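The primary structure of each chain is shown beneath.
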Amino acid sequence: MILSRPFLAGLAILVGIELIAPRLPGPLDLPRLLGCALLLPVPAWLARRNGRAVVERSLAGRPLGAALQVTTVLERIAIPLIYGLAIAWGGLLDLADALAPASEAGRTAVLIGPLLAMELAVRAVELDIADWLRARGFVPPSTLVVARARTSLLLACGLVTVGLALDLLGRWRALEVWLTATDLGVTLGLLLAVPLIATALPPALLIALPTDRRLPAEWLEPIRAFCRELAFPPRAVRLLHTERRMVTAALLGTFWPFRYLLLTDGILATLGPFELRGVIAHEVAHARRHHIALKLAVFVLLPAFLVHPLTRLDVGSLAPDEALAALVAVAVVAWLGCRAFLFRLEYEADLASAELLGDAAPTSSALRRVSEMLPASTSWLPGFHPADRDRLAALRAWSTDPEFRRRFARRGRAVRATVVALLTAAIAWNVSAHAQSWAGDRCRVALLTGDFRHAAALCDAASDDDPDWRDLRAVVHAAVELAGAGGDWASLRDDLADRAWQRALRELDAAGPAAALPYLQLATVVPAPGPVRRTVLRMCSALDDDDPPEAMRCATHLRTLPDVPAEVARAIERIEPHDAATQAIGGRN
């Protein structure tokens, strides 16, 4: 695998903690940060220690031993383990908030910096070990090591670039609010990002991966002839250097100007011209049948159109066991459907390659040859490629059974019709959901750009029975109460937030969390509202949503923060006895 698994696991931990179980904000804890910083060199140290020890024992014909096996396992999980510790315990999120309170690019750089540093340090050690082996006459896979480092760096740069785009967007407040704070804007932003990423990613990967325009001399003319036969531009073929560790080919890119056919050095060393002709035909068939566009529609566009409608579903009325059962059922159906869809595309590419060549033999021969060279998978997880024996059986049926061809073609048309129907239904549902939230989007834009008078007018025109307007109306009325008709957002934002915070404290003390909540939302509109304001907002939101455990977690966290106002301390004292009584009742039941 060219992508680094430890680096991807670290990013998954970051996303999981940020989106699924967000950490409560707090002040910088320098001892914890220092402790995590001291752990950053551990993955590289393990890689150096284990790498040389494994090689020396292998050359000497000795077993690895229990201790070395344990440290090898630790080496594989060290990067995500230390990174998860830095986020969940070490206060890396608080460090990012402190160093880059008003910059998404800066915050992203701080968050992924330690992860990237550990990744690059490990790759540097692996290159050093490769040089050590090369001096002893061996040929280590240093090319793949460089590729993993480059792709990790590319991914990190891509994330920082997204942050830079958001920072630049902040120069136009109305546009920033539309694209980040409204339902329609978020959907349009996702749809706009799809073609941009699809266009920029293939050239970027060609730079990051060890690819080469120059094909081996003995393959140059045959590959050009195959491409001309299949009407595929020969200039789009690239050699992917893997030191013969990977025996595969891949089609990269959605659009023709940025579409490339990657052939690994391993597949060129394994196959002859007859089999390679089938491999190239298989990849060209993916392009001819628009498989990348189909994958984009199913795995990117369809979820993008479904995000907003799904968030409007009333899942809060479901019991926890019903919600869990529904989630499991949807996940299983989605898994099986995606797997069947990807299987279908591979079968289509196989049979379309036979159709392009007028013969199934080249593709069949290539499949048999590659399956003989590669070891059988030992993973217990089902893959997203059909078994080679099933693909060979389909190719044989295509060659001998005209009725099979007709059935297969009908099913292909049915698959495409299903994708179009699902996409059409998702778009219709999305449009309907946005029509219902359009007035609310306009109100949010007016509110967050300082036009409080217009926001209030939109609230007054909305139905009193619409629950979606309850919270928004309360925030708008609070803004009008504190700042009248509003004004220039950059001028009034800080003063509005401070006045809202003082009013929120009075309401919290006198009337409770529900009354303070609208003012707390206005108190946190500044780029760096501080951990106390943010935690009090989460505590009051949890109480308003009838979530006592989350409210109690916030209350306990507030006790550890400095400079907590007396009004907040008194609110915490009122919450904790109620929560203790609730737990006692639950225990007796």
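Everything here concerns the structure above.
Note that this is a predicted model, so its numbers are computed, not measured. (Residues numbered from 1 in each chain as written. Predicted model: local features only at pLDDT ≥ 70, side-chain atom pairs only at ≥ 80, totals over all residues. Heavy atoms only, no water.)

1. Describing the packing of helix 17 (residues 402-448) against helix 18 (residues 452-461)
Where helix 17 meets helix 18, the closest approach of the two axes is 7 Å, and the angle between their N-to-C directions is 155°. Taken together, the axes of helix 17 and helix 18 are roughly antiparallel relative to one another. Relative to helix 18, the crossing made by helix 17 is left-handed. Between helix 17 and helix 18, the residues in contact are Ala439, Arg442, Cys443, Ala446 and Leu447 and Phe452, His454, Ala455, Leu458 and Cys459, respectively. For the contact of helix 17 with helix 18, the class distribution of residues is 8 nonpolar, 1 polar and 1 charged. (Axes fitted to C-alpha atoms, helices over the stretch in contact; angles between N-to-C directions. Helix = DSSP H or I, 4+ residues; strand = E, 2+ residues; numbered from the N terminus. Parallel < 35°, antiparallel > 145°, perpendicular 65-115°, else oblique. Left-handed = near helix turned anticlockwise from the far one by under 90°. Contact = heavy atoms within 4.5 Å. Nonpolar A, V, L, I, M, F, W, Y, C, P; charged D, E, K, R; others polar.)

2. Quick look at helix 19 (residues 468-483)
At 3.6 residues per turn, the α-helix brings residues three or four places apart onto the same side. Helix length check: helix 19 (16 residues) gives 24 Å between terminal C-alpha atoms against 22 Å at 1.5 Å per residue, within 8%. Looking at helix 19, one finds that the buried residues are Trp469, Leu472, Arg473, Val475, Val476, Ala478, Ala479 and Leu482. Directly beyond the C-terminal end of helix 19, a positive phi value near 65° is found at glycine 484. (Expected span 1.5 Å × (residues − 1). Buried < 20%, exposed > 50% of the residue type's maximum accessible area, 1.4 Å probe, protein only.)

3. Digging into the sheet that holds strand 3 (residues 249-252)
Across the sheet, which stays open at both edges, the 4 strands sit in the order 1-2-4-3 with mixed pairing between neighbours. If you trace the sheet from one side to the other, it starts and ends with strand 1 (211-212) and strand 3, each paired once. For strand 3 and strand 4 (residues 260-264), the ladder comprises 4 bridges, and the chain directions are antiparallel. If you follow leucine 252 over to strand 4, its bridge partner there is tyrosine 260. (Pairing = 2+ DSSP bridges.)

4. Comments concerning the side chain of asparagine 50
As for its position among the elements, asparagine 50 is in helix 3 (residues 42-60). There is a polar contact of 3.2 Å between the side chain of asparagine 50 and the side chain of arginine 49. Apart from residues lying up to four places away in sequence, asparagine 50 is in contact with Leu68, Thr71, Thr72 and Glu75. (Polar contact = N/O pair within 3.5 Å; in protein donor to acceptor, adjacent residues only side chain to side chain.)

5. Thoughts on unusual backbone geometry
Despite not being glycine, alanine 231 has its phi angle at roughly 60°, a positive value. Position of alanine 231 relative to the elements: it lies in the loop between helix 10 (217-229) and strand 2 (237-240). With relative accessibility at 57%, the residue alanine 231 sits in the exposed group. For aspartate 563, which is not glycine, the phi torsion reads 60° and is therefore positive. Looking at where aspartate 563 falls in the secondary structure, it is placed in the loop between helix 23 (548-558) and helix 24 (566-588).

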